[in-house]
Amino acid sequence: MSEIELLDQIENQLKSLSDSADQDIKNTKKEGDLEILRVSLLGKKGKLSNILKNMSKLEAKDRPKIGQKANILKTNLLEAISDRKNQLLNYALELKIANEKLDVTIPSTGTPKGNQHPLLSTQDEIIDIFCGLGYSVANGPEIESDFYNFESLNIPKNHPARDMQDTFYLNDNLLLRTHTSPVQIRYLKDNPPPTRIISPGRVYRRDAVDATHSPVFNQVEVLCIDEGINFSHLRGTVLTFLKTFFGDLPIRFRASYFPFTEPSAEVDVQWKGKWLEVMGCGMVDPMVLNRMGIDSEKWTGFAAGLGVERFCMVRHQIDDIRRFYTNDLRFLKQF
Ligand code: DAH
């Protein structure tokens, strides 16, 4: 083959590669296929390399001409591949957007509305009544030390009252509080009397679960300390509270015993013909005040503790404490 013919042949081959490659690029439908096509056109063993194999047979003067054409072809093809790639990515994006189209005219199915748990609304009601009587809310930790939960409240180790409150211990010193009474002491530690606080919160006891017992339940603690506070203030406050909450149910005070109050009482309300205990209370034992550095000659006070579950059960005629904790929507939706 003469030099002219060979040159001609190579140029024609480049031209036809350019045409067919352009077409192939346009016909590619997947981004991944473009890479395969690029390798088959421009790779080491690709079509372009194949054509250029014959370059060595050309005279030196003609080689740069072909080299230049091959370079232009290569640049053009790379550009075409990159354009096609962008085009395919755009198509894919448009398709995705089209499929995700939001029809804002479809009628809504409505947002299901939750409501407050009956225990919480009962607790709120109790808080409201005491706030109306001039009390404010104080909080304390659920993980408590032996000192605050027992010692400071006149319940030393081996005191029989510890048996009444079977305790979850975390270690020798820490426990899950068995009542909200430790908040009395925590509050007095930082706030000198006069004192009018309530403290709602969860308490824990190692009780087996049944219709009236749960290892976790809720109490509200009440503490009032001032000069000249006596048992009639306690009685008046408790009666006012119970009447506001229950209306006109019969109420009675029964002498009782708590290590941190003297005298102590339990309060019952008559419900469904039976006396039901709803709270413990008493005059704060002077020993408790003295231990906190409060002069018990000057300051006296009363305290009370009530179980929120009891109040809620009476209010809503609920027969089983377990209903509060099992999250049965049929139950919860009634409130
Ligand atoms: N802390 C007692 C209990 O959980 C309840 C109680 C009784 C609280 C008398 C008081 C109180 O503040 O004065 O069994």
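Being a predicted model, the structure only gives us computed values, none of them experimental.

Chemist: Mind laying out the environment of Leu-93, listing which residues take part and the relevant values?
Modeler: Position of Leu-93 among the secondary structure elements: in helix H4 (residues 63–99). Separated by 192 residues in the primary sequence, Leu-93 and Asp-285 place their C-alpha atoms 76 Å from one another.

Chemist: With reference to specific residues and values, describe the sheet that holds strand E8 (residues 274–284).
Modeler: Hydrogen bonds between backbone atoms are what pair the strands of a sheet, whose relative direction is either parallel or antiparallel. Pairing in this open sheet of 7 strands is mixed, and the strands run E1-E4-E5-E9-E8-E7-E6 from one edge to the other. Edge positions in the open sheet fall to strand E1 (136–137) and strand E6 (251–258), since each of these has one partner strand only. The pairing of E8 with strand E9 (residues 299–307) spans 5 bridges and is classified as antiparallel. Looking at E9, one finds that Met-283 is bridged to Phe-302. Sitting on the sheet, helix H5 (residues 118–132) touches E1, strand E4 (195–204), strand E5 (216–227) and E9, and the angle it makes with E4 is about 165 degrees. This element, helix H9 (residues 231–246), spans E6, strand E7 (261–271), E8 and E9 of the sheet and lies at about 145 degrees to E8.

Chemist: Would you mind going over the pattern of salt bridges in detail, with residue names and values included?
Modeler: Applying the stated criterion to the full structure yields 20 salt bridges. Across the pair Asp-62 and Lys-61 runs a salt bridge whose closest N-O atoms are separated by 3.3 Å. With relative accessibility at 9%, the residue Asp-62 sits in the buried group. The exposure class assigned to Lys-61 is exposed, which follows from its relative accessible area of 62%.

Chemist: Talk me through the nonpolar core; I want residue IDs and the actual numbers.
Modeler: Counting 38 residues, the largest nonpolar core has Ile-126, Phe-241, Leu-242, Phe-246, Met-279, Phe-311 and Phe-324 as its most contacted members. Those elements that place two or more of their residues in this core are H5, E5, H9, E7, E8, E9, helix H11 (308–316) and helix H12 (329–332). For this core, the leading source of residues is H9, giving 6 residues. Setting aside chain neighbours within four positions, we find Phe-241 in contact with Ile-126, Ile-129, Phe-130, Met-279, Leu-306 and Phe-311.

Chemist: Describe the pairing of E4, with residues and values.
Modeler: Buried residues dominate E4, accounting for 8 of its 10 residues. Inspection of the sheet shows E1 paired to E4 by 2 bridges, in the parallel sense. Considered in E4, the bridge of Val-137 is made with Ile-198.

Chemist: Got a sec to walk through the packing of aromatic side chains? Specific residues and values, please.
Modeler: Under the defined criterion, the tally for this structure stands at 13 aromatic pairs. Residues Phe-245 and Phe-311 carry aromatic rings whose centres are separated by 5.2 Å and whose planes lie at 80 degrees to one another, so their mutual orientation is edge-to-face. Of this pair, Phe-245 sits in helix H9 while Phe-311 sits in helix H11, and the two are 66 residues apart along the sequence. For the pair formed by Phe-245 and Phe-311, the shared burial category is buried. Taking 6.2 Å as the distance between ring centres and 70 degrees as the angle between the ring planes, the aromatic pair formed by Phe-324 and Tyr-325 counts as edge-to-face. In this structure Phe-324 comes out as buried when scored by relative accessible area, which is 2%. Relative accessible area serves as the criterion here: at 31%, Tyr-325 is assigned to the partly exposed category. Among the aromatic side chains, those forming a connected cluster through ring pairs are Phe-130, Tyr-135, Phe-241, Phe-245, Phe-246 and Phe-311. Above the plane of the ring of Tyr-148 lies Arg-186, whose end atom (NZ or CZ) is 4.1 Å from the centre.

Chemist: Mind laying out the site of the ligand, listing which residues take part and the relevant values?
Modeler: Taken together, 16 residues surround the ligand, and among them His-179, Ser-181, Arg-205, Gln-219 and Glu-221 come closest. Between Gln-219 and the ligand, the recorded distance is 2.9 Å, taken from a side-chain N or O atom to an oxygen atom. Ala-303 is positioned with one of its backbone polar atoms (N or O) 3.1 Å from an oxygen atom of the ligand. Contact with the protein chains removes 93% of the 360 Å² of surface that the ligand exposes when unbound. Looking at the shell around the ligand, the elements that each hand over two or more residues are E5, E8 and E9. Across the shell around the ligand, the residue classes tally to 5 nonpolar, 9 polar and 2 charged.

Quick notes on the rules
Residues numbered from 1 in each chain as written. Predicted model: local features only at pLDDT ≥ 70, side-chain atom pairs only at ≥ 80, totals over all residues. Heavy atoms only, no water. Helix = DSSP H or I, 4+ residues; strand = E, 2+ residues; numbered from the N terminus. Pairing = 2+ DSSP bridges. Contact = heavy atoms within 4.5 Å. Axes fitted to C-alpha atoms, helices over the stretch in contact; angles between N-to-C directions. Salt bridge = Lys/Arg side-chain N within 4 Å of Asp/Glu carboxyl O. Buried < 20%, exposed > 50% of the residue type's maximum accessible area, 1.4 Å probe, protein only. Core = buried A, V, L, I, M, F, W, Y, C linked by side-chain atoms within 4.5 Å. Phe/Tyr/Trp six-rings, centres within 6.5 Å; stacked < 30°, edge-to-face > 60°. Lys NZ or Arg CZ within 6 Å of the ring centre and 35° of its normal. Near = heavy atom within 4 Å. Polar contact = N/O pair within 3.5 Å; in protein donor to acceptor, adjacent residues only side chain to side chain. Areas by Shrake-Rupley, 256 points an atom, 1.4 Å probe, with all protein chains shown as cover. Nonpolar A, V, L, I, M, F, W, Y, C, P; charged D, E, K, R; others polar.

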